[in-house]
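Residue strings, one per chain:
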Amino acid sequence: LNLPESGNSFPDVLDEVDYGSRFVRGMLPSDGGLASHKAHNHAWSPFTITVEGENAAGDARSAMGSSTPATYAVARVNAQLARVWHSEGGDPAHVATLWSAAEDAWNRADGTDEAYNPAEASPGPSVGGGDYPDSNTNDDRYAAACEMYLTAYALEDSDVEVYRTSVTTAFEYFTAMRQWDWATVT
């Protein structure tokens, strides 16, 4: 792909995904709260604008309100990245950073059920990305639990059974799983 990281013995696509997902860890506030639901320009950007043009325009950016589903997303993304980097023989310190972010997000979200609240958006309701109401946190918890379990297993983490139990006993999703393929998704 001709990336700055090309030739570092890791797949370029992994380097690119890792770089592109760094912002996800930043969605966790330093005060220990839940993750922002999303971040984007406060108003829609022109469709054909470049990143440089967008940054030069100086338009306000918005951090939308926090939510449990967003925090589970941070756990899910970082757990998966930690597992993939581990399987590729990546830097153990980077794997540990990713896994730590995943565990932190899981611990913040687990036991909460805070749906997205557009009133929490900063600097206020936005026209640049719109709201994303999601009042069901169970699917997000299940998806995060799956990634946490798979990664804890791969890393031989002592909490592997905690995540396995979260996957296998706490959700109607697990008991409803049957053989399926993408052709059946409507």
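Here, every reference points to the structure presented above.
Residues numbered from 1 in each chain as written. Predicted model: local features only at pLDDT ≥ 70, side-chain atom pairs only at ≥ 80, totals over all residues. Heavy atoms only, no water.

### Some details on the layout of surface pockets
Considered as a void within the structure, the second largest pocket measures approximately 180 Å³ in volume. Forming the boundary of the second largest pocket are Phe23, Met27, Lys38 and Ala39. For the lining of the second largest pocket, the residue count by class is three nonpolar, no polar and one charged. (1 Å grid on protein atoms, 1.4 Å probe; cavity = no way out; pocket = protein on both sides within 12 Å on 5 of 7 lines; lining within 4 Å. Points joined across faces, edges and corners; volume = space filled by probe spheres on them. Nonpolar A, V, L, I, M, F, W, Y, C, P; charged D, E, K, R; others polar.)

### Remarks on the pattern of salt bridges
The final tally for this structure, using the stated rule, is five salt bridges. Measuring nitrogen to oxygen at the nearest pair gives 4.0 Å for the salt bridge that ties Arg22 to Asp18. Classification of Arg22 as partly exposed rests on a relative accessible area of 43%. A relative accessible area of 5% places Asp18 in the buried class. Residue Asp104 is joined to Arg108 by a salt bridge in which the shortest nitrogen-to-oxygen separation is 3.1 Å. With Asp104 and Arg108 both in helix α5 (residues 92-109) and four residues apart, the pair spans about one turn of that helix. (Salt bridge = Lys/Arg side-chain N within 4 Å of Asp/Glu carboxyl O. Buried < 20%, exposed > 50% of the residue type's maximum accessible area, 1.4 Å probe, protein only. Helix = DSSP H or I, 4+ residues; strand = E, 2+ residues; numbered from the N terminus.)

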